[in-house]
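# Notes for the structure review
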Amino acid sequence: MVTIRPTEPTDRTVVERLQLQLWGSEIAVSHGTVFRPADLPGFLAEDAGKVVGMLTYQQQDPTTVEVVTLDAVWRHAGIGTALLDAAATVAAAAGATRLVLTTTNDNVDALRFYQRRGFHLIALRPGALEQSRQLKPEIPLTGNYGIPLTDELELERPI
């Protein structure tokens, strides 16, 4: 049984470790900004005490909450959806009217996932990964399905 709970200060090491394991670095980069997910508020998905997913976010402004990271160790198990729903609940309680997030042009599985959950494309940032690699050199040149990793896509979901 998977449970979703807000992260606590004592979870910082867990978030850092998962970020490093999944993405090769303790930082995340999007739209020219460096994020340290372990320093952000978020949620953990747990099954029998084992972390099986996480989401981190930041409130950009009074109307917008940005999902910075979303990872589910087990795919197609409802973990990502539950984490997004928890973020939407917190965002609405804070008075936000929309969730936004950024993904990359190669991440076609994520595009399908997000669009099926009410997100729609609002921006394309061509060539953004060139700048991101200056901030995070670990970002590969080629992504999922052998697609050159070049652009960022921004999506939005009204709350």
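Residues numbered from 1 in each chain as written. Predicted model: local features only at pLDDT ≥ 70, side-chain atom pairs only at ≥ 80, totals over all residues. Heavy atoms only, no water.

This paragraph deals with the sheet that holds strand β4 (residues 42–47). Sheet architecture is open: seven strands sit in the order β1-β4-β5-β6-β7-β9-β8, paired in mixed fashion. Single-partner strands in this sheet number two, and they are β1 (2–6) and β8 (120–125). Here the strands of the sheet are splayed against their neighbours by 25° on average, with no regard to which way each runs. Helix α1 (residues 12–23) rests against β4, β5 (50–61) and β6 (64–72) of the sheet, and its axis sits at about 100° to β5. (Pairing = 2+ DSSP bridges. Helix = DSSP H or I, 4+ residues; strand = E, 2+ residues; numbered from the N terminus. Axes fitted to C-alpha atoms, helices over the stretch in contact; angles between N-to-C directions. Contact = heavy atoms within 4.5 Å.)

As for its position among the elements, Asp 11 is in the loop between β1 and α1. Residue classification places Asp 11 among the buried residues on the basis of a relative accessible area of 7%. In terms of polar contacts, Asp 11 uses its side chain to reach the backbone amide nitrogen of Glu 8, at 2.8 Å. Setting aside residues up to four positions removed in sequence, Asp 11 forms contacts with Arg 5, Pro 6 and Leu 44. (Buried < 20%, exposed > 50% of the residue type's maximum accessible area, 1.4 Å probe, protein only. Polar contact = N/O pair within 3.5 Å; in protein donor to acceptor, adjacent residues only side chain to side chain.)

Taken residue by residue, a regular strand's side chains alternate between the two faces of the sheet. Of all seven residues in strand β9 (residues 152–158), six are buried; the element is thus mostly enclosed. Here β8 runs beside β9; their pairing, made up of five bridges, is antiparallel. The partner of Leu 124 across the bridge, within β9, is Leu 153.

With the rule as written, the count across this model stands at three aromatic pairs. When the centroid spacing of 5.3 Å and the interplanar angle of 70° are considered together, the rings of Phe 113 and Tyr 114 count as edge-to-face. Between the aromatic rings of Tyr 114 and Phe 119, the centroid separation amounts to 5.5 Å while the plane-to-plane angle is 65°, which identifies the pairing as edge-to-face. Residue classification places Tyr 114 among the buried residues on the basis of a relative accessible area of 9%. Members of the aromatic cluster, connected to one another through ring pairs, are Phe 113, Tyr 114 and Phe 119. (Phe/Tyr/Trp six-rings, centres within 6.5 Å; stacked < 30°, edge-to-face > 60°.)

Tallying each qualifying case throughout the model produces eight salt bridges. Glu 46 serves as the salt-bridge partner of Arg 5, at 3.1 Å between the closest nitrogen and oxygen. Here Glu 46 lies in strand β4 and Arg 5 lies in strand β1, a separation of 41 residues in the sequence. On the basis of relative accessibility, which here comes to 16%, the residue Glu 46 falls in the buried class. (Salt bridge = Lys/Arg side-chain N within 4 Å of Asp/Glu carboxyl O.)

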